[in-house]
2 protein chains.
Amino acid sequence: MTNLTQLSPDHITTNNQQLQARYDAFKARGLKLDLTRGKPSAAQLDLSSALLSLPGERDYLAEDTTDCRNYGGLQGLLEVRRLFSGMMGAVPEQVVASNNSSLALMHDTIVYALLKGTCDSATPWSAQGEIAFLCPVPGYDRHFKICQDYGIRMIPVALREDGPDMDEVERLAAQDASIKGMWCVPKYSNPTGTVYDDATVERLAAMKTAAPDFRLFWDNAYAVHHLTDDAIEIANILDLCARYGNPNRAFVFASSSKITLPGAGLALFAASKDNVKWLLARLIPRTIGPDKINHLRHVRFLKSPAAIPLLMNKHKALIAPKFEKVLATFDQQLANVPGVSWTRPRGGYFISLEVPHGCAARVVALAKEAGVVLTPAGATHPYGKDPNDSTIRIAPTFPELAEVAQAAEGVALCVLLAAAEKATGGKAGA
Amino acid sequence: MTNLTQLSPDHITTNNQQLQARYDAFKARGLKLDLTRGKPSAAQLDLSSALLSLPGERDYLAEDTTDCRNYGGLQGLLEVRRLFSGMMGAVPEQVVASNNSSLALMHDTIVYALLKGTCDSATPWSAQGEIAFLCPVPGYDRHFKICQDYGIRMIPVALREDGPDMDEVERLAAQDASIKGMWCVPKYSNPTGTVYDDATVERLAAMKTAAPDFRLFWDNAYAVHHLTDDAIEIANILDLCARYGNPNRAFVFASSSKITLPGAGLALFAASKDNVKWLLARLIPRTIGPDKINHLRHVRFLKSPAAIPLLMNKHKALIAPKFEKVLATFDQQLANVPGVSWTRPRGGYFISLEVPHGCAARVVALAKEAGVVLTPAGATHPYGKDPNDSTIRIAPTFPELAEVAQAAEGVALCVLLAAAEKATGGKAGA
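Residues numbered from 1 in each chain as written. Chains lettered and ligands numbered in written order. Predicted model: local features only at pLDDT ≥ 70, side-chain atom pairs only at ≥ 80, totals over all residues. Heavy atoms only, no water.

(A) Main features of the overall build of chain A. When helices and strands are counted, chain A shows 13 helices and 13 strands. A globule of 430 residues ought to have a C-alpha radius of gyration of about 22 Å, and chain A, at 23 Å, matches this closely. Each of the three principal axes of chain A carries a C-alpha extent, and together these read 80 × 55 × 35 Å. Expressed as a percentage of the 430 residues in chain A, the buried residues total 62%. With the model as given, the accessible surface of chain A reaches about 15800 Å², and the carbon-plus-sulfur share is 52%. (Helix = DSSP H or I, 4+ residues; strand = E, 2+ residues; numbered from the N terminus. Rg over C-alpha atoms; globule rule 2.2 N^0.38 Å. Buried < 20%, exposed > 50% of the residue type's maximum accessible area, 1.4 Å probe, protein only. Areas by Shrake-Rupley, 256 points an atom, 1.4 Å probe, with all protein chains shown as cover.)

(B) Structural detail: the environment of B:Gly289. Residue position: B:Gly289 is located in the loop between helix H9 (273–283) and helix H10 (292–302). Residue B:Gly289 is classed as buried on the basis of its relative accessible area of 8%. Remark: the alpha-carbon pair of B:Gly289 and B:Asn99, spanning 190 residues in sequence, is separated by 9.1 Å. Ignoring sequence-local partners within four residues, the contact set of B:Gly289 consists of A:Asn100, B:Gly72, B:Gly73 and B:Leu74. (Contact = heavy atoms within 4.5 Å.)

(C) Broad picture of the pattern of salt bridges. Under the counting rule described, the total for this entry stands at 42 salt bridges over all chains. The salt bridge involving A:Glu130 is made with A:Arg153; its shortest N-O contact spans 3.0 Å. Taken together, the residues A:Glu130 in the loop between helix H4 (102–116) and strand S3 (132–137) and A:Arg153 in strand S4 (residues 153–160) connect sequence positions 23 residues apart. As a salt-bridge pair, A:Arg203 and A:Glu170 come within 2.8 Å of each other at their nearest N and O atoms. Placement of the pair is A:Arg203 in helix H7 (residues 198–206) and A:Glu170 in helix H6 (residues 166–175), with a sequence separation of 33 residues. When its relative accessible area of 30% is taken as the criterion, A:Arg203 is described as partly exposed. The exposure class of A:Glu170 is partly exposed, given its relative accessible area of 25%. Connected via shared salt-bridge partners are A:Asp108, A:Arg286, B:Asp108 and B:Arg286. (Salt bridge = Lys/Arg side-chain N within 4 Å of Asp/Glu carboxyl O.)

(D) Examining the interface of chain B and chain A more closely. On the chain A side, the residues contacting the 59 residues of chain B number 59 residues. The junction of chain B with chain A conceals about 4900 Å² of combined surface from both sides, 52% of it contributed by carbon and sulfur atoms. Sorting the residues of chain B by area buried against chain A places B:Leu52, B:Arg69 and B:Tyr71 first, and these three jointly supply 16% of that buried surface. The partner of A:Asp108 in a salt bridge is B:Arg286, and the shortest N-O contact between them spans 2.7 Å. The tally of links from chain B across to chain A stands at 28 residue pairs in polar contact (both at pLDDT 80 or more). (Buried area = accessible area lost by both parts, 1.4 Å probe. Polar contact = N/O pair within 3.5 Å; in protein donor to acceptor, adjacent residues only side chain to side chain.)

(E) Region of interest: the relation of the copies chain B and chain A. Its rotation angle being 180°, the transformation that places chain B on chain A also includes 0.0 Å of axial translation and leaves an RMSD of 0.0 Å. Given the turn and translation reported, the copies of this chain are related as if by a two-fold rotation axis. Closest approach to the rotation axis within chain B is made by the C-alpha atom of B:Ser53, at a distance of 2.1 Å. Most of the interface of chain B is mirrored in chain A, where 100% of its interface residues again form contacts. (Least-squares fit on C-alpha atoms with pLDDT ≥ 70 in both.)

(F) Seen up close, the nonpolar core. Grouped together as the largest cluster of nonpolar side chains are 227 residues, with contacts concentrated most on A:Leu353 and B:Leu353. In this view, B:Leu353 contacts B:Phe330, B:Leu334, B:Val340, B:Ser341, B:Trp342, B:Ser390, B:Thr391, B:Ile392, B:Ile394, B:Val411 and B:Val415; residues no more than four positions away in its chain are not counted. Grouped together as the second largest cluster of nonpolar side chains are 69 residues, A:Trp125, A:Leu280, A:Leu283 and B:Met154 included. (Core = buried A, V, L, I, M, F, W, Y, C linked by side-chain atoms within 4.5 Å.)

(G) Structural detail: empty space enclosed by the protein. Taken as a whole and assessed by the stated rule, the structure comprises 9 cavities of 30 Å³ or more. Taken as a whole, the largest cavity encloses approximately 390 Å³ of empty space. Along the wall of the largest cavity there are 30 residues; nearest its centre are A:Asn99, A:Ala104, A:Arg286, B:Asn99 and B:Arg286. For the lining of the largest cavity, the secondary-structure elements that each account for two or more residues are strand S2 (95–97) and H4 of chain A together with strand S2 (95–97) and helix H4 (102–116) of chain B. A class-by-class count of the residues in the lining of the largest cavity yields 14 nonpolar, 12 polar and 4 charged. (1 Å grid on protein atoms, 1.4 Å probe; cavity = no way out; pocket = protein on both sides within 12 Å on 5 of 7 lines; lining within 4 Å. Points joined across faces, edges and corners; volume = space filled by probe spheres on them. Nonpolar A, V, L, I, M, F, W, Y, C, P; charged D, E, K, R; others polar.)

(H) Expanded view of helix H3 (residues 78–88) of chain B. Residue and element names in this part refer to chain B. Of all 11 residues making up H3, 8 are buried, and the element is well covered by its neighbours. Among the residues making up H3, those that are buried are Glu79, Val80, Arg81, Leu83, Phe84, Ser85, Met87 and Met88. Buried residues in H3 make contact with S2, helix H8 (237–243), strand S8 (250–255), strand S9 (267–270), H10 and helix H11 (307–334). Looking at the residues trailing H3, positive phi occurs at Gly89, about 65°.

(I) Spatial organisation of the sheet that holds strand S11 (residues 351–354) of chain B. All names here are of chain B. If you trace the 3 strands from one edge of the open sheet to the other, you get S10-S11-S13, paired in antiparallel fashion. Looking at which strands have only one partner, the edges of the open sheet turn out to be strand S10 (341–342) and strand S13 (391–394). The pairing of S11 with S13 spans 4 bridges and is antiparallel. Opposite Leu353, over in S13, you have Ile392 as the bridge partner. Contacts from H11 reach S10, S11 and S13 within the one sheet, and its direction differs from that of S11 by about 15°. (Pairing = 2+ DSSP bridges. Axes fitted to C-alpha atoms, helices over the stretch in contact; angles between N-to-C directions.)

(J) Main features of the sheet that holds strand S11 (residues 351–354) of chain A. Residues and elements named next belong to chain A. Judged by pairing direction, the sheet is antiparallel, and its 3 strands sit side by side in the order S10-S11-S13 without closing on themselves. Each end of this open sheet is capped by a strand with a single partner; those strands are strand S10 (341–342) and strand S13 (391–394). In this fold helix H11 (residues 307–334) packs onto S10, S11 and S13, with an angle of close to 15° to the strand it touches most, S11.

(K) Fine view of the side chain of B:Asn220. Counting through the fold element by element, B:Asn220 comes out in the loop between strand S7 (215–219) and H8. With near-sequence residues (within four places) excluded, B:Asn220 lies in contact with B:Met87, B:Pro186, B:Lys187, B:Ile234, B:Phe253 and B:Ala254.

(L) How the structure looks around the packing of helix H1 (residues 9–28) of chain A against helix H13 (residues 401–424) of chain A. Residue and element names in this part refer to chain A. Contact pair H1 / H13: the axes reach a minimum separation of 10 Å and the direction vectors enclose 150°. H1 and H13 meet at a crossing whose hand is left-handed. Counted together, Ile12, Asn16, Leu19, Gln20, Arg22, Tyr23 and Phe26 of H1 and Gln406, Gly410, Leu413, Cys414, Leu416, Leu417, Ala420 and Thr424 of H13 form the full contact between these two elements. Each residue belonging to the contact of H1 with H13 can be placed in one class, and the counts come to 9 nonpolar, 5 polar and 1 charged. (Left-handed = near helix turned anticlockwise from the far one by under 90°.)

Below, the structure written as structure tokens:
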């Protein structure tokens, strides 16, 4: 790629005019493409279409003869907890299975901690003045939204190749008792694809925290969502927390949303015995029980834990080519452009694209104008503010492969144009 | 019936010994009966067994072509809101359809008001010092549990034949700005079967409240759950609140739990436009959307609002005989016993039995000893404390009719025995 800073003024003008012409041509195609959210495609949903006629009219008894159609069963069906407990790194007794949306479970545990405190809190979090969460960045916008909504101060910490900057995390957690929690997507992190290495997980489990009721919000959303043949396993946070004398530190979350159906899945919580007891006590005033028929439906569909990796392989076959297409396009179009880089995730739903500082919002605006909708710039950071205006989240799973290819071309072009604009201090081609 | 106070000491001893003998004989039968909770019977659940294979493998598109299997649709499927909006007394735009458990919706609206305030609150409820709810008694234990759990003071008000004591409600609401809410089960109230008359509903809509963000928690759980051919309609609280200039006063709740399946139903919220906007804004940090496939499943099963009363007639055919059996037994065994009376509900799931003051806990204990489990005495009152120890909730829907008959016999016997013990100042037959 041409390095703009090394070109003569004439060359720059020509280059910028060519880019502008390419952009105008792309725009003229009148495309409508959407790379905003990590949604499975229709073909992925078809993999679980059998769910839509399960469990069947005569099939409603759990293995303990509970009539799943009726009230009750606060912790969720034992057999569905057994089905997913391996994925959660816990025994079924440590798992709570709920309705759809693990986000709702994360939200609710924070709400309960705010209003009532955790099982290790002297008083409710809301009675302890301003509290804070550590937020590895870039991260997941909906995690940050919960904190913002409830006035929980967010402290960004850098996410590196092997996990959060642990020196910084340990320093902050040890000194500041107002730090009550930390968001972690430990495997195939949203949006970078980062996998926490064993040392990071161990340090998170072992570190001193000034707050006795500090919690890791361990959103293992992509536990089985591999993009390569290497089914990466991370260290077991619950085991490590217990080993280091902090058994209640981790709340582990996951869901079946991107395994079966996002609109009709089930959410999962796993934690220590005391945390589970605490959550169930908090759930009693809220509900008489979750949708047990949907639990049974998932048991009938998946049958055994061994079915999960087989189903995930089929997802991989559908989405890995989309990631490869985006990466190939970026390799071709953006290699060696100064300030531009991107992640090569081995799993999960996102690619994180770094553009020159001050260019992310401009890239998103250019793409929108050309019919490619991207997640708003800044969404990957607390308060929606990326201080460098440089991170863009790419979500390639939902559109068809041909559309992903077009969208990736468009994004790459917008990056080149925005970078050129920045280098020349104004609009390219102007 | 014999009036114990008019008998000679010898007669009393003989009477008590006879009762004790009857009780011992009942106990010796070793029955295991449960009248605790308002659960549909298996035969009622069978009415909706078609749901268990719906919507079918190829049926997942909503009428607006939304793929219900995927994320999104925060307010719930339009067609399911249309299906139930008549029951809610609202237009579909005023309805939010959620996952199972209307209790969860009630809990969550209170949590949101505590942490963020309603759309009419200057500050969150939790920042306004101690707050209070008006609680018609006897009432629903799970309503009271939410208040107790979050430290909301409960102020009991008497529930009369036509609704709460409105003079008292108006007096309290007008003078005390800490009163933020009121629990109402306006039709076939739990546990008395009370139906609020039009004047009561109108006064609730029109009354002055010292708190500008006062809310009626209008739990219309039994909107279509008639036990007679008279499908009683109550006044429309949303319309009346709007007419009297208090459009945001009512949060209306209902669910499909006792229409289709309690373990796999959907919950409903209806309110003013501003309240709906508020709730949706509160839901955004919590979830990307409810289980839309279960919404579609209900649409495919019920097809149209006209199907709801037809299905409810089938429920009535199954449960009305159980209510009749309990009432006939009480008529036969307990008529003219001083201090003993019971309600004759025209709908809903409960009969409320009044026993002589100080006898309710004893009746429940005697019944338990004889194998008949009743809802704990006191559960119908705030903090689980019935000041008169006189109210017992009878839930006859779940057991088979023959079991209901046995249980009613047992309860009547325990009432007679407890009343006799009380009249003689000690244990009967002792």
